[in-house]
Amino acid sequence: MPKRVISGRVVKKAGDKTATVLVERKVLHPRYHKTVKRFKKYLVHDEKNDANVGDVISAIECRPISKKKAFRLLEIVERGEG
């Protein structure tokens, strides 16, 4: 089974070695047939504390590291401001 890869923007540094990533996707509304944005936050394991708030990163699915953390940092796609 292939691993899921997500990409999104870091919105918070949540403790040591953890980053909160906001993933945005666009879906078609079933009734109004308009494209709407849907958001979800994921906790990502950042072993070296490389990611900062505002960075665009990609993360890959892994075994559960904690109760809510099941993704690890794959790469930093774009550095944010600051």
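Residues numbered from 1 in each chain as written. Predicted model: local features only at pLDDT ≥ 70, side-chain atom pairs only at ≥ 80, totals over all residues. Heavy atoms only, no water.

## Some remarks on the overall build of the protein
In step 1: For the protein, the helix and strand inventory stands at zero helices and five strands.
In step 2: Along the protein, from the amino end to the carboxyl end, the secondary structure elements read β-β-β-β-β.
In step 3: Here the protein holds 82 residues, and the buried ones make up 29% of them.
In step 4: Within the structure as shown, the protein displays about 6,200 Å² of accessible surface, and the carbon and sulfur contribution to it stands at 51%.
In step 5: Positive and negative charge centroids in the protein, built from 21 and 10 side chains respectively, lie 10 Å apart. (Helix = DSSP H or I, 4+ residues; strand = E, 2+ residues; numbered from the N terminus. Buried < 20%, exposed > 50% of the residue type's maximum accessible area, 1.4 Å probe, protein only. Areas by Shrake-Rupley, 256 points an atom, 1.4 Å probe, with all protein chains shown as cover. Lys, Arg positive; Asp, Glu negative; His and termini not counted. Charge placed at Lys NZ, Arg CZ, Asp CG, Glu CD.)

## Considerations on the packing of aromatic side chains
In step 1: Taken as a whole and assessed by the stated rule, the structure comprises one aromatic pair.
In step 2: A centroid spacing of 5.2 Å and a plane angle of 70 degrees characterise the contact between tyrosine 42 and phenylalanine 71, whose relative ring orientation is edge-to-face. Of this pair, tyrosine 42 sits in strand β3 (residues 35–45) while phenylalanine 71 sits in strand β5 (residues 69–78); the two residues are 29 residues apart in sequence, bridging distant segments of the chain. Of the two residues examined, tyrosine 42 and phenylalanine 71, each falls in the buried class. (Phe/Tyr/Trp six-rings, centres within 6.5 Å; stacked < 30°, edge-to-face > 60°.)

## Notes on a positive patch on the surface
In step 1: Together, Arg4, Arg25, Arg38 and Lys40 give the surface a local cluster of positive charge.
In step 2: Note that arginine 38 resides in strand β3. (Patch = residues over 30% accessible without salt bridge, like charges linked within 9 Å, V, L, I, M, F, W, Y side chains within 5 Å. Salt bridge = Lys/Arg side-chain N within 4 Å of Asp/Glu carboxyl O.)

## Quick word on the nonpolar core
In step 1: Membership of the largest hydrophobic core is limited to 12 residues, which are Ile6, Val10, Ala19, Val21, Val23, Tyr42, Val44, Ala51, Ile57, Ala59, Phe71 and Leu73.
In step 2: Listing elements by their share of this core, those giving two or more residues are β1 (5–13), β2 (18–28), β3, β4 (56–61) and β5.
In step 3: Ranked by the residues each element gives to this core, the list is headed by β2, at three residues.
In step 4: Those residues in contact with alanine 51, other than ones at most four positions away along the chain, are Val10, Lys13, Asp46, Ile57 and Ile76. (Core = buried A, V, L, I, M, F, W, Y, C linked by side-chain atoms within 4.5 Å. Contact = heavy atoms within 4.5 Å.)

## So, the sheet that holds β1
In step 1: In space, the five strands of this closed barrel follow the order β1-β2-β3-β5-β4, with mixed pairing throughout. Here the average twist between neighbouring strands, direction ignored, is 50 degrees.
In step 2: Pairing analysis gives three bridges linking β3 to β5, with the strands arranged parallel. For histidine 45, the partnering residue across the bridge sits in β5 and is arginine 72. (Pairing = 2+ DSSP bridges. Axes fitted to C-alpha atoms, helices over the stretch in contact; angles between N-to-C directions.)

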